[in-house]
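# Fold and geometry: a report
What follows is the residue order along each chain.
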Amino acid sequence: MTRYVALLRGINVGRHNRIPMATLRELLEGLGCTAVQTHLQSGNAVFAPPQRGPGTPAAVAGELERVIAERLSLQVPVLVREGADLRRVAAHGPLADPDFDPSRLLVTFLSGPVDRERLAGLDPTAYAPDRFWPGQQEIYVYCPDGVRGSKLRQEFWEKRLGLIGTARNWNTVRKLAALVATADTP
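Residues numbered from 1 in each chain as written. Predicted model: local features only at pLDDT ≥ 70, side-chain atom pairs only at ≥ 80, totals over all residues. Heavy atoms only, no water.

### Some words on the overall build of the protein chain
Within the protein chain one finds 6 helices and 8 strands. In the protein chain, the order of α-helices and β-strands from amino to carboxyl end is β-α-β-β-α-β-α-β-α-β-β-α-β-α. Taken over C-alpha atoms, the radius of gyration comes to 16 Å for the protein chain, in line with the 16 Å a tight globule of 186 residues would show. Each of the three principal axes of the protein chain carries a C-alpha extent, and together these read 50 × 40 × 30 Å. Burial statistics for the protein chain: of 186 residues in total, 47% are counted as buried. Within the protein chain, residue pairs in contact and separated by at least 24 positions form 69% of the contacts whose partners lie at least 6 positions apart. If you sum the accessible surface of the protein chain, you get close to 9600 Å²; carbon and sulfur atoms cover 50% of it. Counting 23 positive and 19 negative side-chain charges, the protein chain places the averaged centre of each group 4 Å from the other. (Helix = DSSP H or I, 4+ residues; strand = E, 2+ residues; numbered from the N terminus. Rg over C-alpha atoms; globule rule 2.2 N^0.38 Å. Buried < 20%, exposed > 50% of the residue type's maximum accessible area, 1.4 Å probe, protein only. Contact = heavy atoms within 4.5 Å. Areas by Shrake-Rupley, 256 points an atom, 1.4 Å probe, with all protein chains shown as cover. Lys, Arg positive; Asp, Glu negative; His and termini not counted. Charge placed at Lys NZ, Arg CZ, Asp CG, Glu CD.)

This is the structure in structure tokens:
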């Protein structure tokens, strides 16, 4: 059975945009999604898409954004990926070095494909010691000195690429990929 992963941007950080995970599960179930599981409090959910109506990742994302706005009066960008796509992201991380700190590797998931032409002219040395690698619909960013002071946060990529983004650390990406793989096992 196909699984999707919903990634909500900017919830449960500070006092604003609070969405309990039980509420997120209820909202997804209300859209006809089944087998809904959440991970952490930062807006990650794994689920089976609705059997009726538009069930594409983009349609589910749009419906979830609409329902959050109507029921919770919050404007929250939502990205939905197929489980296979999330597993691809987790399998193709750029750092094979076992000594890297996975909490300092971020994946910024994007609402569309990475336009390599819009990355032209970026001088990687200007962001050192941070490093980045473009993927298909994601940017991998390694911040050895910590994420907080990095210039390569999701806002940077949104502005540069003209897309919506939401970032997850490598541990979270791997855990979500494992949840999808477990759910996809017959």
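### Here we look at the sheet that holds strand 1 (residues 4-8)
The 4 strands lie next to each other as 2-3-1-4, forming an open sheet whose pairing is antiparallel. One side of each edge strand has no neighbouring strand; the edge strands of this open sheet are strand 2 (34-39) and strand 4 (78-82). Along the sheet, successive strands turn relative to each other by an average axial angle of 20°, direction set aside. Bridge analysis of strand 2 against strand 3 (residues 44-48) gives 4 bridges, and the strand direction is antiparallel. (Pairing = 2+ DSSP bridges. Axes fitted to C-alpha atoms, helices over the stretch in contact; angles between N-to-C directions.)

### Considering the packing of aromatic side chains
Under the definition given, this model contains 5 aromatic pairs. Relative to Phe-156, the ring of Tyr-127 lies with its centre 5.4 Å away and its plane at 65°, an arrangement referred to as edge-to-face. Separated by 29 residues along the polypeptide, Tyr-127 in the loop between helix 4 (116-119) and strand 6 (131-134) and Phe-156 in helix 5 (residues 154-161) bring together distant segments of the chain. Of the residues examined, Tyr-127 reaches a relative accessible area of 17% and is grouped as buried. Taking the centre distance of 4.8 Å and the plane angle of 90° together, the rings of Phe-156 and Trp-157 count as edge-to-face. When its relative accessible area of 0% is taken as the criterion, Trp-157 is described as buried. Linked through ring pairs, Tyr-127, Phe-132, Phe-156 and Trp-157 together constitute an aromatic cluster. (Phe/Tyr/Trp six-rings, centres within 6.5 Å; stacked < 30°, edge-to-face > 60°.)

### Details of the confidence of the model for the protein chain
For the protein chain, the mean per-residue pLDDT works out to 91, and 96% of the residues sit at or above 70. Ranking the elements of the protein chain by mean pLDDT puts helix 6 (residues 170-184) last, at 87, and strand 4 first, at 97. (pLDDT = per-residue confidence, 0-100.)

### Some thoughts on the environment of Leu-119
Relative to the assigned elements, Leu-119 resides in helix 4. Leaving out residues up to four positions away in the same chain, Leu-119 has contacts with Val-114, Pro-134, Ile-139, Trp-157, Arg-160 and Leu-161.

### As for the environment of Gly-10
Relative to the helices and strands, Gly-10 is located in the loop between strand 1 and helix 1 (21-30). According to the relative accessible area criterion, Gly-10 is partly exposed, its value standing at 40%. Once the C-alpha coordinates of Gly-10 and Pro-124 are considered, the two residues, 114 residues apart in sequence, prove to be 27 Å apart.

### Some details on the pattern of salt bridges
Applying the stated criterion across every chain yields a total of 8 salt bridges. The shortest N-O distance in the salt bridge between Glu-158 and Arg-9 comes to 2.1 Å. Of this pair, Glu-158 sits in helix 5 while Arg-9 is found in the loop between strand 1 and helix 1, placing the two residues 149 residues apart along the sequence. The partly exposed category is assigned to Arg-9, whose relative accessible area is 21%. For Arg-88, the salt bridge identified is with Glu-138, shortest N-O distance 2.9 Å. You can see Arg-88 sitting in helix 3 (residues 83-91) and its partner Glu-138 sitting in strand 7 (residues 138-142), a full 50 residues away along the chain. Here the salt bridges share partners, and the residues they tie into one network are Arg-81, Asp-85, Arg-88 and Glu-138. (Salt bridge = Lys/Arg side-chain N within 4 Å of Asp/Glu carboxyl O.)

### Regarding helix 2 (residues 57-72)
With 16 residues, helix 2 should reach 22 Å at 1.5 Å per residue; the first-to-last C-alpha distance of 22 Å fits that figure. Its buried side turned inward, helix 2 meets strand 1, helix 1, strand 3 and strand 4. Ser-73, located one to two residues past helix 2, shows a positive phi value of around 55°. (Expected span 1.5 Å × (residues − 1).)

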